[in-house]
Amino acid sequence: MKVEPYKECLPLSNKLRRLWWGMVYVILFRPFGGPLFRRWRVLVLRSFGAAIGERCAISASARIWAPWNLSVGDVVAIGPHTNIYNPGKIMIGNKVTISQDATLCTASHDFTLAANPLITSPVQIGSFAWIAAEAFVGMGVTIGEGAIVGARAAVFKNVEPWSIVGGNPAKFIKKRVIKDA
């Protein structure tokens, strides 16, 4: 896991950008709920630098800290009340579901230093993955392709592709096998 000191929290330009995004979020993003405004919300996020693929559904109640640090593939669903805390980069593959109340977190504090400076490390979520309700994915974690993070799981280490994890801390439960219908 590559951890970097967070250098952007000090410049005034970053604080002003986050302030501007916060106002736009409250006025132009959050009030426009429902499926009729999916494209509108994606447009607002893209205008702040988010890279978002086609046919994505991002809930109006999803809280995204820094759209410019968010990259989302095609056919991704980000559910209600999700918390995308991304001072560092978050990269989400194609056909991913982030269920309601889940948290993706790219930052923490360096507790070995007296000042406890903010540190960041990117989060990557592979295509076909599912982050279930109220799950937490910590900084520097890679969720492999097709993996499932169970409801309320807390993930602090990488998750292998096509596996299912759950618990706090998350532990391997079994391999995910897709059956033909």
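Whatever comes next refers back to the structure up there.
In what follows, the accompanying structure is described. The numbers attached to residues start from 1 for each chain and follow its sequence in the written order. Reporting in this predicted model follows two pLDDT cut-offs: at least 70 for local features of residues, and 80 or more for side-chain atom pairs to be given and counted; totals over whole chains, interfaces and linings ignore these cut-offs and use all residues. Values shown for side chains rest on all heavy atoms present in the structure; no hydrogens or waters enter the calculation.

## With respect to the overall build of the protein chain
Alright, step 1. Helix and strand definitions follow DSSP, with helices as H or I runs of at least four residues and strands as E runs of at least two, each counted in order from the N terminus. Broken down by element type, the protein chain carries two helices and 20 strands.
Alright, step 2. Its C-alpha atoms give the protein chain principal-axis dimensions of roughly 50 × 50 × 20 Å.
Alright, step 3. Buried positions account for 45% of the 181 residues belonging to the protein chain.
Alright, step 4. In the protein chain, the share of contacts with a sequence separation of at least 24, taken over all contacts with a separation of at least 6, comes to 27%.
Alright, step 5. Residue burial considers only the protein chains on display, and all accessible areas are found by Shrake-Rupley using a 1.4 Å probe. A total accessible area of about 9,900 Å² is found for the protein chain, and carbon and sulfur atoms account for 60% of it. Here's how the labels work: a residue is buried when its accessible area is under 20% of the maximum for its type, exposed when over 50%, partly exposed in between, all with a 1.4 Å probe on protein chains only. By the convention used here, residues are in contact when the closest approach between their heavy atoms is within 4.5 Å.

## Here we look at the nonpolar core
Alright, step 1. With 41 residues, the main nonpolar core has Trp21, Ile58, Ile92, Ile125, Ile131 and Ile143 as its most contacted residues.
Alright, step 2. Looking at this core, the elements with two or more residues in it are α1 (12–29), α2 (38–47), β5 (70–72), β8 (90–92) and β13 (123–125). Buried Ala, Val, Leu, Ile, Met, Phe, Trp, Tyr and Cys residues form a nonpolar core when they are joined through side-chain atoms within 4.5 Å.

## A look at the pairing of strand β19 (residues 163–166)
Alright, step 1. Burial along β19 is two-sided: Ser163 and Val165 facing one way and Ile164 and Gly166 facing the other are all buried.
Alright, step 2. Across two bridges, the pairing between strand β17 (residues 148–149) and β19 is parallel. Bridged to valine 149 within β19 is valine 165.
Alright, step 3. Criterion used throughout: strands pair if DSSP finds at least two bridges between them. Alignment of β19 against strand β20 (residues 171–175), held across four bridges, turns out to be antiparallel. In the sheet register, isoleucine 164 faces β20, and the bridge partner there is lysine 174.

## Here we look at unusual backbone geometry
For residues other than glycine, phi is negative in most cases, and the peptide bonds are mostly trans.
Alright, step 1. With an omega dihedral of 0°, the bond running from asparagine 168 to proline 169 counts as a cis peptide bond.
Alright, step 2. Tracing the backbone shows proline 169 in the loop between β19 and β20.
Alright, step 3. Of note, the phi angle at histidine 81 is positive, near 60°, even though the residue is not glycine.
Alright, step 4. Mapped onto the elements of the fold, histidine 81 is located in the loop between β6 (77–78) and β7 (83–85).

## A few points about the packing of aromatic side chains
Alright, step 1. Pairing of aromatic side chains here covers Phe, Tyr and the six-membered ring of Trp, requires ring centres within 6.5 Å, and sorts the geometry by plane angle: under 30 degrees stacked, over 60 edge-to-face, intermediate tilted. A full pass over the atoms with the stated rule returns nine aromatic pairs.
Alright, step 2. One aromatic cluster is present, built from ring pairs that chain together Trp21, Tyr25, Phe29 and Phe48.
Alright, step 3. Only when the NZ of Lys or the CZ of Arg is both within 6 Å of the ring centre and within 35 degrees of the ring normal is a charge said to sit over the ring. The ring of tryptophan 68 is capped by arginine 17, whose NZ or CZ atom sits 4.1 Å from the centre of that ring.
Alright, step 4. In this structure, arginine 63 packs its charged tip against the face of tyrosine 25, placed 4.4 Å from the ring centre.

## Overview of the packing of α1 against α2
Alright, step 1. Orientation is described by axes fitted as lines to C-alpha atoms, over the contacting stretch for helices, and by angles from 0 to 180 degrees between their N-to-C directions. Relative orientation of the contacting elements α1 and α2 amounts to 165°, with a least axis distance of 11 Å. Here α2 runs roughly antiparallel to α1, going by the angle between their axes. Where α1 crosses over α2, the two elements pack in a sense that is right-handed. Contacts from Trp21, Val24, Leu28 and Phe29 of α1 reach α2 at Trp40, Arg41, Val44 and Leu45.
Alright, step 2. In the contact of α1 with α2, the residues fall into seven nonpolar, no polar and one charged. To sort the angles, those under 35 degrees are grouped as roughly parallel, those over 145 as roughly antiparallel, those from 65 to 115 as roughly perpendicular, and the leftovers as oblique. Two helices that cross are described as forming a left-handed crossing if the nearer one is turned anticlockwise from the farther one by less than a right angle, and a right-handed crossing if clockwise. Side-chain classes are defined by residue name, with Ala, Val, Leu, Ile, Met, Phe, Trp, Tyr, Cys and Pro counting as nonpolar, Asp, Glu, Lys and Arg as charged, and the others, Gly among them, as polar.

## Overview of α1
For an α-helix, the turn length of 3.6 residues means that residues three or four places apart are oriented alike.
Alright, step 1. By this rule the span expected of a helix is its residue count minus one, scaled by 1.5 Å. Taking 1.5 Å of rise per residue, the 18 residues of α1 would be expected to cover 26 Å, and the 24 Å separating its terminal C-alpha atoms lies within 8% of that figure.
Alright, step 2. Within the span of α1, buried status applies to Asn14, Trp21, Gly22, Val24, Tyr25 and Phe29.
Alright, step 3. In this fold, the buried residues of α1 make contact with α2, β3 (57–58) and β4 (63–64).

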